[in-house]
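Chain by chain, the residues run as shown.
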Amino acid sequence: MRDAFRAPSGTHDVLFPESARWETLVAAFSSLVGRAGYGLVISPMFEDERVFLRGIGAGSDVASKEMYSFEDRGARRLALRPEGTASVVRAFVQHRPASVWKAWYVTPAFRYERPQAARYRQHHQLGIEAIGSEDPDLDVEVIALAAQFYRHVGLESVELRLNSMGCAQCRPGFERSLFEWLEANAAQLCPEHSQRWSANPLRVLDCKNELCLGATAQAPQICDALCTDCDRHFARVKEGLDSLRVAYLSAPRLVRGFDYYTRTTFEFSSPSLAAAQNGVGGGGRYDGLAEALGGPAAPAVGFGIGIERLLLACDAQDSFPVPEDRMDVFVIDLTGGRVARELTHELRNAGVRADRAFDERSLKAQMRAADRSGAKLAVIVGPSEQEAGKAVVRQMMPRLREESDARRDDAQELVDSDAVVERVLEMLRR
RNA sequence: GUGGUCGUAGCUCAGUUGGUUAGAGCACCAGGUUGUGGCCCUGGAGGUCGGGGGUUCGAGUCCCCUCGGCCACCCCA
């Protein structure tokens, strides 16, 4: 086995029954955002590399050192998507649908980084984007939908942190004053940031190190630097959240990793996960992105949720369990397999979940398989039933949890083979 | 990219100061029950001890290299 292949580093397989959780998760998301008018967008998993470089910013960590970039056979520079938003906005820019355009997606996202707990080279995200309006109520709708989804999967305690990053009018001035402050006070920062802060000054605000936290308490804050329009917008977002009773924490230091964010930004974190990976989702407004990708001015807002992180948080709170997956009927054939082949086919045709054993195994082995399948009924056909044109329909008792020696319940009956499907349907109905 | 840590059966792990054909539990398969699942009993299959090199009469055990997993930092979901 030593030379058996394995999944590439940082990737993982989701096998059943775990994958059934993913199915129900996506279905629940689709239903929630569908009710709010969001439609599914399926776009290519890779794009012209510049879509991401211009979107999330060539200087950001994700773009500068984590992109899965490659050249195809036609010498085009392409990249696997590192996040969901840029692709959706590229699709908007290309097709110019009527706005407000409300889209949702579920997609893998690729980032080349060293794998660790809850951090993958391929992870998966669910998200929505609402493109074509700067109405603060749209921010409120987007955030409220995310909050509703967390509640739906049983995460009662996720924390929402909220900030405004300003706009093209007010942000540059703030960045300048922050830069000046850092030049004067770098010595007080944590060892990491006292050396290298100039690449992305905003990051320093988000540092969790105590030295940085203490020092930057005196640093300029974005919320004091917002222009009148941004200030008003932010206030109306908060009012809207209040009116919907969506709880949030003002987080003046919150800085997200992508350059495209303007005005509203937010993150959701789960207190039941370790701090290094407790971010279960986030998003914000990106009023300049459509233009940056060559399209019309189209203010927009959206969020993304990491599926792996979300499920991890659910595990920590024993919520959103793997759904039960049981067969209805298991067909046991001791006469060579023809009955099993034809009867499972007929049963499935009639809408019944039906399975069978292969390889002509013993009755005992087939009964064990029936038990494992969770089937409520077993249909048993041996030589004598076959000769009489009959079949045994047996009620399978559910596995008992503790009692070691379960009492046998021989609830089974002999049915004409023509009537098996009908009888099975009848028994399943009760 | 930097650092730490761990690699023995499908899974979880034992394996004495280096010493015969490397073990257990769970899972799997078969039989006990000549046609009835779970519980029980008996048996079976399954390992080049991650790989390579070295030390030694002898290496799962000691040394070196390498690959892989996990975790942390940076950053993120």
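A quick note: this is a predicted structure, and the numbers were derived from the prediction, not measured.

What counts, and at which threshold
- Residues numbered from 1 in each chain as written.
- Chains lettered and ligands numbered in written order.
- Predicted model: local features only at pLDDT ≥ 70, side-chain atom pairs only at ≥ 80, totals over all residues.
- Heavy atoms only, no water.
- Buried < 20%, exposed > 50% of the residue type's maximum accessible area, 1.4 Å probe, protein only.
- Helix = DSSP H or I, 4+ residues; strand = E, 2+ residues; numbered from the N terminus.
- Arc of directions from axis to C-beta.
- Contact = heavy atoms within 4.5 Å.
- Domains from an automatic or database assignment.
- Pairing = 2+ DSSP bridges.
- Axes fitted to C-alpha atoms, helices over the stretch in contact; angles between N-to-C directions.
- Core = buried A, V, L, I, M, F, W, Y, C linked by side-chain atoms within 4.5 Å.
- Phe/Tyr/Trp six-rings, centres within 6.5 Å; stacked < 30°, edge-to-face > 60°.
- Lys NZ or Arg CZ within 6 Å of the ring centre and 35° of its normal.

Re helix α15 (residues 363-373)
For α15, the complete set of buried residues consists of A365, Q366, A369, A370 and S373. In a view along the axis of α15, the buried residues occupy a sector of 145 degrees, so they form one face of it. α15 presents K364 and R372 as exposed residues on the side facing more than 90 degrees away from its buried surface. As for α15, its buried residues are in contact with β12 (329-333). One or two steps after α15, the chain reaches G374, where phi turns positive at roughly 80 degrees.

Some points on the domain arrangement of chain A
How big an interface is tends to be expressed through the accessible area that disappears when the partners come together. Parsing chain A into structural domains produces domain 1 (18-169 + 239-316), domain 2 (171-225) and domain 3 (329-429). The C-alpha-based centres of domain 1 and domain 3 are spaced at 48 Å.

A look at the environment of D355
Along the chain, D355 turns up in strand β13 (residues 354-356). Taking C-alpha positions, D355 is 20 Å from L414, a pair spaced 59 residues apart along the chain. Beyond its immediate chain neighbours, meaning those up to four positions away, D355 contacts M327, V329, F330, V331, T344 and R348.

Structural notes on unusual backbone geometry
Going from F16 to P17, the amide bond is cis rather than trans, its omega being 10 degrees. Looking at the secondary structure, you find P17 in the segment before α1 (18-34). With omega at 10 degrees, the peptide bond leading from S99 into V100 counts as cis. Even without glycine at this site, F320 takes up a positive phi of about 50 degrees. Within the element layout of this structure, F320 appears in the loop between α13 (307-316) and β12.

A short note on the environment of L293
You can see L293 is positioned in the loop between α12 (289-292) and β11 (300-306). The spacing of L293 and F52 is 241 residues in sequence and 9.3 Å in space, taken between C-alpha atoms. With residues up to four places along the chain from it excluded, the contact list for L293 reads V51, R54, A86, V89, R90 and V93.

Description of the sheet that holds strand β15 (residues 390-395)
Strand order across the open sheet formed by 5 strands is β13-β12-β14-β15-β16, with mixed pairing between neighbours. Each end of this open sheet is capped by a strand with a single partner; those strands are β13 and β16 (412-416). Neighbour-to-neighbour, the strand axes of the sheet open up by a mean angle of 25 degrees, direction not taken into account. Where β12 meets strand β14 (residues 377-381), 5 bridges bridge the pair, whose relative direction is parallel. When the bridges of β14 are listed, F330 appears paired with A378.

Concerning the nonpolar core
Grouped together as the largest cluster of nonpolar side chains are 63 residues, with contacts concentrated most on F29, Y38, I128, I143, F149 and F303. The element that contributes the greatest number of residues to this core is helix α5 (residues 136-152), accounting for 9 residues. Counting contributing residues, this core receives three or more from each of domain 1 (18-169 + 239-316) and domain 2 (171-225). Apart from the residues lying within four places of it in its own chain, the contact partners of F29 are G34, W104, Y105, L126, G127, I128, F149, F303 and I305. Counting 26 residues, the second-largest nonpolar core is a separate cluster that includes V88, V89, Y286 and L293.

With respect to the packing of aromatic side chains
Tallying each qualifying case throughout the model produces 13 aromatic pairs. Ring geometry for F258 against Y260: centres 5.6 Å apart, planes inclined by 40 degrees, an arrangement best described as tilted. Taking the relative accessible area as the measure of exposure, F258 reaches 12% and is therefore buried. Relative to F268, the ring of F266 has its centre 5.9 Å away and its plane inclined at 80 degrees; by these criteria the two rings are edge-to-face. Assessed through its relative accessible area of 0%, F266 is described here as buried. Each member of the aromatic cluster is reached from another via a ring pair, and the members are F29, W104, F149 and F303. For R121, the ring lying beneath its charged end belongs to Y112, and the centroid distance is 4.0 Å.

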